[in-house]
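A look at the structure
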Amino acid sequence: MAKKNVILLIIDTLMLPFLKKAVDNKMAPAFAFFMKHGTASEIISPFPTMSVNVESSLLTGHYSDVHHVPGLVWFHDEEKRLINYGTNASELLQLGLATSLKDPLYNINHEHLNKKAATIFEELSKKGKNSASINGLLYRGSQEKVMQLPFLLSLLPTFHRSLTVKGPDLLTYGSFIKQNPFAKYGHFWQRFGFNNRFSAQELIYLIKNHSLPPFTMVYFPDMDQIIHKKGVEDLSGIVKTDRELQKVLDSFHSWEEALKNNVWIIMGDNGQAVVRPRNQNPLIHLEKLLSPYRITKLSKGVRKDDDIVLAVNQRMAFVYLLQPNHSLEEIANILKTDARIDVIAWREEEEKIKVVSGRREGMLMFKKGGQWEDPYGNMWTLNGDIEVLDIFTEGSRIKYGEYPDALARLHAAALSHKGQFLMISAYPGFEFKYGSSPVHVGGASHGGLHQHDSLAAIIVSGTERLPKYNRMIDVKDWILSMLDS
């Protein structure tokens, strides 16, 4: 039997309970088709549950302790600056527009993503197999490609009309580089092509021109903003995404033919948790909680007398300590007075991770290696109160509760980059706020360690093979095994 191509569709914020509801109500015929001819389940996102961290983990098959992209916002200890891959225009302007735009356009793929952590595109290239990325935020491959930047962007310092990058054999990155010369939906008011319609038409172009390589990854971004604004119960994003999937299926002679020569993997990148309405105190104002400390202001950069830097990733935040006369535990003791803060964790000596909570009493210390085995074959040493992370034990085995794969995800985040920092995660219903960081009051948000943020839908059609475990870091090896077999 001929080998099948693998098509990975990443649907931002696709969650299984709400997908099933849309399918049961006959609102999503394309999703229903794939589910009827495959399996649907949930998969665990890396922590923090932000798209850039997710894609880095998907492409490399590792958590951030290996791939080194910690989150959407983080502090670069060597450069002494805040990295922001795109929260909102206000924050990017305060950080310096030219630098802030270069981080997502170039640096994340070519400077921040660990060069020793090979992406699936690079590994396929070594095997002599072609691949494609359509609108993926992370796209690093082995082939030199040239992006054509908008004229206004070329007026900024460090930018020219063209930008040379390394990508897979076929690369689409919005309207900056595309496959279809007649592509629509790529204007600046359409986010330069970073929208579902643009992604779908690029995939359709490859299908109709018989140009699908062995592996294609396509990112559909639109649903994220809909859920942020309207909340997790709103199904309009699923319906709109389904319309684009119907167009993709219609590009084949029949929908059944789409399964004949292709394996389809359709998955979300993270979940989202409800953010309460304004009258229920949903925003955790970090500048108020941490008022005893001098906090770095975005517009001024790090000053020598600043105590801490805050990197807010919606329902998660990194809190960086700059001065030796304070300690992480001292800051943690202040933060845990707020019951809205669910998990507070930091790295201590010998790669031990310490965890406390604003909601649960006690303290847990854990490290890799030991007598306790988790569901993914990892061994751990546990000391203290395991209830802090809602962990249970049966014999020598660990079972996770509200925080899926909590130990490995926290451990990886703690070792993802240099510096002294706390990792804090909000309880569902709440979100962190500092300065002009975006908030989603009355809607939904993600970033946190909780299962509401961490579980995304995955549909697999065209094969009976599944990943070894239900984690996103297991997807890369699974895809490579299908393409090698």
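Residues numbered from 1 in each chain as written. Predicted model: local features only at pLDDT ≥ 70, side-chain atom pairs only at ≥ 80, totals over all residues. Heavy atoms only, no water.

The helix and strand inventory of the chain stands at 17 helices and 24 strands. A globule of 485 residues ought to have a C-alpha radius of gyration of about 23 Å, and the chain, at 22 Å, matches this closely. Projecting the C-alpha coordinates of the chain onto the three principal axes gives extents of approximately 65 × 60 × 45 Å. Relative to its full complement of 485 residues, the chain shows a buried share of 58%. Sequence separation of at least 24 residues holds for 67% of the intrachain contacts in the chain that already meet a minimum separation of 6. (Helix = DSSP H or I, 4+ residues; strand = E, 2+ residues; numbered from the N terminus. Rg over C-alpha atoms; globule rule 2.2 N^0.38 Å. Buried < 20%, exposed > 50% of the residue type's maximum accessible area, 1.4 Å probe, protein only. Contact = heavy atoms within 4.5 Å.)

Another aspect to go through is the packing of helix 1 (residues 16-24) against helix 2 (residues 29-36). Describing two packed helices takes the angle between their axes plus the distance from one axis to the other. Taken N-terminus to C-terminus, the directions of helix 1 and helix 2 make an angle of 105°; their axes are 9 Å apart at the nearest point. Overall, the two elements helix 1 and helix 2 adopt an arrangement that is roughly perpendicular. The segment helix 1 lies against helix 2, with Leu19, Lys20 and Val23 engaging Phe31, Ala32 and Met35. Among the residues making up the contact of helix 1 with helix 2, the classes are represented as 5 nonpolar, no polar and 1 charged. (Axes fitted to C-alpha atoms, helices over the stretch in contact; angles between N-to-C directions. Parallel < 35°, antiparallel > 145°, perpendicular 65-115°, else oblique. Nonpolar A, V, L, I, M, F, W, Y, C, P; charged D, E, K, R; others polar.)

Turning next to the sheet that holds strand 24 (residues 455-461). The strand order 2-24-10-1-9-5-8 describes an open sheet built from 7 strands, whose pairing is mixed. Both edges of this open sheet fall to strand 2 (38-44) and strand 8 (170-172), since each of them pairs with a single strand only. Each adjacent strand pair in this sheet contributes to an overall mean axis angle of 15°, direction not counted. As defined by bridge partners, strand 2 adjoins strand 24 across 7 bridges and the pair is classed as antiparallel. Pairing of Ser41 across the sheet is with Ile458, part of strand 24. Packed onto the sheet, helix 2 meets strand 2, strand 10 (262-268) and strand 24 and runs at close to 100° relative to strand 2. (Pairing = 2+ DSSP bridges.)

What follows covers the packing of helix 2 against helix 11 (residues 236-250). One can describe the packing of helix 2 onto helix 11 by two numbers: an axis separation of 7 Å at closest approach and a directional angle of 70°. Here helix 2 is positioned roughly perpendicular relative to helix 11, judged by the angle of their axes. For the pair helix 2 and helix 11, the contacting residues are Pro29, Ala30, Phe31, Phe33 and Phe34 in the first and Ile238, Thr241, Asp242, Leu245, Gln246 and Leu249 in the second.

What follows concerns helix 1. The set of residues buried in helix 1 consists of Leu16, Phe18, Leu19, Ala22 and Val23. The buried residues of helix 1 all sit within an arc of 165° when viewed along its axis, so they share a single face. Packed against the buried residues of helix 1 are helix 2, strand 2, helix 11 and strand 24. Following helix 1 by one or two positions, Lys26 adopts a phi angle in the positive range, close to 60°. (Arc of directions from axis to C-beta.)

Here we take up the pattern of salt bridges. Taken as a whole and assessed by the stated rule, the structure comprises 23 salt bridges. We note a salt bridge from Glu394 to Lys399, for which the minimum N-O separation is 3.6 Å. On the basis of relative accessibility, which here comes to 51%, the residue Glu394 falls in the exposed class. Notably, a salt bridge pairs Asp474 with Arg471, separated by 2.9 Å at the nearest N-O pair. Under the relative-accessibility criterion, Arg471 is labelled buried at 7%. (Salt bridge = Lys/Arg side-chain N within 4 Å of Asp/Glu carboxyl O.)

Generally speaking, soluble globular proteins have nonpolar side chains that are buried together. Formed by 77 residues in total, the largest nonpolar core has its most connected members in Leu389 and Ile479. At 7 residues, helix 15 (residues 406-414) tops the list of elements feeding residues into this core. In contact with Leu389, other than residues within four places in its own chain, are Val343, Val355, Leu364, Phe366, Tyr403, Ala406, Leu407, Leu410 and Leu449. Among the nonpolar cores identified, the runner-up in size contains 42 residues, and Leu14, Leu19, Val218 and Val248 belong to it. (Core = buried A, V, L, I, M, F, W, Y, C linked by side-chain atoms within 4.5 Å.)

Relative to the helices and strands, Lys115 is located in the loop between helix 6 (97-112) and helix 7 (120-126). Among residues more than four places away in sequence, those in contact with Lys115 are His110 and Arg140. Among the polar contacts listed, one links the side chain of Lys115 to the backbone oxygen of His110, at a separation of 2.8 Å. (Polar contact = N/O pair within 3.5 Å; in protein donor to acceptor, adjacent residues only side chain to side chain.)

Right, let's get into a positive patch on the surface. A surface patch of positive charge is lined by Lys184, Arg197, Lys229, Lys230, Lys240 and Arg243. Among the secondary structure elements, those contributing two or more residues to the positive patch are helix 10 (223-230) and helix 11. By the secondary structure assignment, Lys230 is in helix 10. (Patch = residues over 30% accessible without salt bridge, like charges linked within 9 Å, V, L, I, M, F, W, Y side chains within 5 Å. Areas by Shrake-Rupley, 256 points an atom, 1.4 Å probe, with all protein chains shown as cover. Lys, Arg positive; Asp, Glu negative; His and termini not counted. Charge placed at Lys NZ, Arg CZ, Asp CG, Glu CD.)

Attention now goes to the packing of aromatic side chains. For the structure on display, the rule yields 16 aromatic pairs. Centre to centre, the rings of Phe33 and Phe34 are 5.8 Å apart; their planes meet at 70°, and the pair counts as edge-to-face. Its relative accessible area of 9% is what places Phe33 among the buried residues. Among the aromatic residues, ring-to-ring pairing joins Phe33, Phe34, Phe252, Trp255 and Trp264 into one connected group. Sitting over the face of the ring of Tyr427, Arg359 holds its NZ or CZ atom 3.5 Å from the ring centroid. (Phe/Tyr/Trp six-rings, centres within 6.5 Å; stacked < 30°, edge-to-face > 60°. Lys NZ or Arg CZ within 6 Å of the ring centre and 35° of its normal.)

Note that Asp374 resides in the loop between strand 17 (364-373) and strand 18 (379-384). Arg471 is the oppositely charged side chain nearest to the buried, salt-bridge-free Asp374, at an N-O distance of 5.9 Å. At 2.8 Å, the side chain of Asp374 and the backbone nitrogen of Tyr376 are in polar contact.

As a further point, take the side chain of Gln201. Looking at where Gln201 falls in the secondary structure, it is placed in helix 9 (residues 196-208). Residues in contact with Gln201, not counting those within four places in the same chain, are Ala183, Lys184 and Tyr185.

Note that every value here comes from positions in space, so none of it alone points to a role or purpose.
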